Amino acid sequence: MKIFLMILSMFFTVLSHAQALNDYKYVIVDNQYEFQNVANEYRLNEMMVFEINKRGLEAFTNTSVLPKNLNVGTCNALGLKVITSKGLRIKMLFEFVNCDGETVFTTKEGIGRTKDFEKAYREAVRDAMSSLDEFNYVYKKPAAIEPQTILSQPINPSPDVPAQVLSGTPSHAGSKEKKDELKVDVSPEPEFVELVIDDTYLTHSKEYKIQSVDLGFNIYKNNSLIGTLKKSQSGCYLVVTTEFIGIGYEKDSDIIIEYDKNGTQFLVFKKAE
């Protein structure tokens with residue numbers, strides 16, 4: 001009976017965490033934490049963003065261009081707190097914290113067993129973030145709040161402004177013209193991406209290639225567009241394709257994409273001659 005109650009308790013704990021996370025759309029990852037000597041050391045911060053994104057939430061580093069609706073009207077973003085310990089093994093866990101400083105979800109303690117610090121930290125991040133696999137995240141958008149119109153009548157209204165406009169009461173003469181004057185055009189401006197054709201990188205097999213665009217690269221497979229590499233301010237790339245999601249970085253004039261698919265996979269791109 002005790003074992004049954006324990007399992008039942010664990011089930012409802014996971015369920016409540018899932019429901020809590022579903023209330024939030026974004027996660028903001030610091031570009032540098034206290035345990036790091038430099039920003040994005042070991043490319044861990046980009047990796048945190050990648051691991052969260054592939055589970056359905058939208059993650060950004062705090063130095064990135066953030067969404068315009070971030071915490072507008074309601075708290076829809078979580079901060080990411082990192083707790084680490086370093087000894088014979090690297091240990092990390094993550095706390096997802098809301099705008100009131102309340103912890104919404106805590107991962108398990110991830111462990112990095114490799115002696116190499118960089119690899120151990122990356123192992124620990126992957127291990128800890130696997131806690132997000134316990135449930136299927138689906139963002140639950142809050143119900144729209146209808147704006148309230150506050151009507152006020154000034155004590156001494158200007159003689160040039162009809163009292164009906166100030167009070168919100170429609171006038172019988174010229175009301176259409178006044179309404180037209182008060183309309184504001186809030187149409188969004190279009191965004192343009194400029195293609196830079198002369199920067200092309202190829203893999204050894206030439207099956208994949210990447211080509212420069214304004215914010216990073218487009219990635220192609222057999223000349224068919226499958227995704228993008230978007231560059232962050234820290235210098236790494238978030239890679240999103242129809243086949244995989246990963247992290248890209250520059251090394252010795254090459255561009256390397258690292259992604260998780262039946263184990264860690266690498267694509268090495270060299271600049272076309």
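Described below are features of the structure shown in this document. Quick caveat: nothing in here was measured; it's all calculated off a predicted structure.

**A closer look at the overall build of the chain**
Along the chain, the regular secondary structure elements total five helices and 14 strands. Evaluated residue by residue, the chain yields a buried proportion of 36% over its 273 residues. For the chain, the proportion of contacts with a sequence separation of at least 24, taken over those separated by at least 6, is 43%. Of the roughly 17900 Å² of accessible surface on the chain, 54% is carried by carbon and sulfur atoms.

**Considerations on helix 3 (residues 117–129)**
Turn by turn, an α-helix covers 3.6 residues, leaving residues three or four places apart pointing in a common direction. Here helix 3 contains 13 residues, and its C-alpha end-to-end distance of 18 Å stays within 8% of the 18 Å for a straight helix at 1.5 Å per residue. Residues of helix 3 that are buried: A120, Y121, R122, A124, V125, A128 and M129. Buried residues along helix 3 sit against helix 2 (44–53), strand 3 (77–86), strand 4 (90–97), strand 6 (110–112) and strand 13 (254–260). The N-cap of helix 3, judged by a side-chain oxygen 3.1 Å from the amide nitrogen of E118 a few residues on, is D116.

**Digging into the pattern of salt bridges**
A full pass over the atoms with the stated rule returns 14 salt bridges. Of the charged contacts, one joins K140 and D23 as a salt bridge, the two residues approaching to 3.2 Å between their closest N and O atoms. Separated by 117 residues along the polypeptide, K140 in the loop between helix 3 and helix 4 (163–167) and D23 in the loop between helix 1 (2–21) and strand 1 (26–29) bring together distant segments of the chain. Residue K140 is classed as partly exposed on the basis of its relative accessible area, which comes to 48%. For D23, a relative accessible area of 32% corresponds to the partly exposed category. A salt bridge links E258 to R122, with the nearest nitrogen and oxygen atoms 3.0 Å apart. In this pair, E258 is assigned in strand 13 and R122 in helix 3, connecting sequence segments 136 residues apart. Beyond isolated ion pairs, a larger network of salt bridges with shared partners links R43, E118, R122, R126 and E258.

**Brief notes about the state of the cysteines**
In the structure shown here, the tally under the stated rule is one disulfide. Residue C75 pairs covalently with C99 via a disulfide, S to S 2.0 Å. Residues C75 and C99 are joined through a disulfide that is right-handed, its torsion about the S-S bond being 85 degrees. Here C99 lies in the loop between strand 4 and strand 5 (103–106) and C75 lies in the loop between strand 2 (58–61) and strand 3, a separation of 24 residues in the sequence. Judged by its relative accessible area of 22%, C75 is partly exposed.

**A word on the nonpolar core**
M48, L80, F94 and F96 are the most contacted members of the largest nonpolar core, which has 32 residues in total. For this core, the elements supplying multiple residues, two or more each, are strand 1, helix 2, strand 3, strand 4, strand 5 and helix 3. In contact with M48, other than residues within four places in its own chain, are V29, Y33, L80, V82, M92, F94, V125 and M129. Residues Y201, I210, L267 and F269 belong to the second largest nonpolar core, which totals 15 residues.

**Some details on unusual backbone geometry**
In this structure, Y42 is a non-glycine residue whose phi angle is positive, near 60 degrees. By the secondary structure assignment, Y42 is in the loop between strand 1 and helix 2. Accessibility expressed as a relative area gives 26% for Y42, which makes it partly exposed. You will see that N223, though not glycine, has its phi angle at about 70 degrees, which is positive. Here N223 shows up in the loop between strand 9 (216–221) and strand 10 (224–231).

**Topic: helix 2**
Of all the ten residues making up helix 2, ten are buried; the element is thus mostly covered by neighbouring parts of the structure. Among all positions in helix 2, only L44, N45, E46, M47, M48, V49, F50, E51, I52 and N53 are buried.

**Overview of the environment of A20**
Within the element layout of this structure, A20 appears in helix 1. A residue is classified by how much of its surface remains accessible, and A20, at 21% relative accessible area, is partly exposed. Through-space distance from the C-alpha of A20 to that of T103 is 10.0 Å; in sequence the pair is 83 residues apart.

About the cut-offs
In this numbering scheme, every chain counts its residues from 1 along its sequence in written order. Reporting of local features is limited, given that this is a predicted model, to residues whose pLDDT is at least 70; pairs of side-chain atoms are given and counted only at 80 or more, and all residues count toward the totals for whole chains, interfaces and linings. In computing side-chain properties, one takes all heavy atoms of the structure into account and sets aside hydrogens as well as water. Strands are runs of DSSP state E lasting at least 2 residues, helices are runs of H or I lasting at least 4, and numbering of each runs from the N terminus. When accessible area is computed with a 1.4 Å probe and restricted to protein chains, residues below 20% of their type maximum are described as buried, those above 50% as exposed, and intermediate ones as partly exposed. Contact definition: two residues touch when any of their heavy atoms are within 4.5 Å. Residue burial considers only the protein chains on display, and all accessible areas are found by Shrake-Rupley using a 1.4 Å probe. An expected span of 1.5 Å times one less than the residue number is assigned to each helix. Polar contact criterion, stated in full: a pair of N or O atoms within 3.5 Å, where within protein one must be able to donate a hydrogen and the other to accept it, and residues adjacent in sequence count only if both atoms are side-chain atoms. The salt bridge definition used is simple: a Lys or Arg side-chain nitrogen within 4 Å of an Asp or Glu carboxyl oxygen. The criterion for a disulfide is a pair of cysteine sulfur atoms lying within 2.5 Å. Put simply, buried Ala, Val, Leu, Ile, Met, Phe, Trp, Tyr and Cys residues joined by side-chain atoms within 4.5 Å make one nonpolar core.

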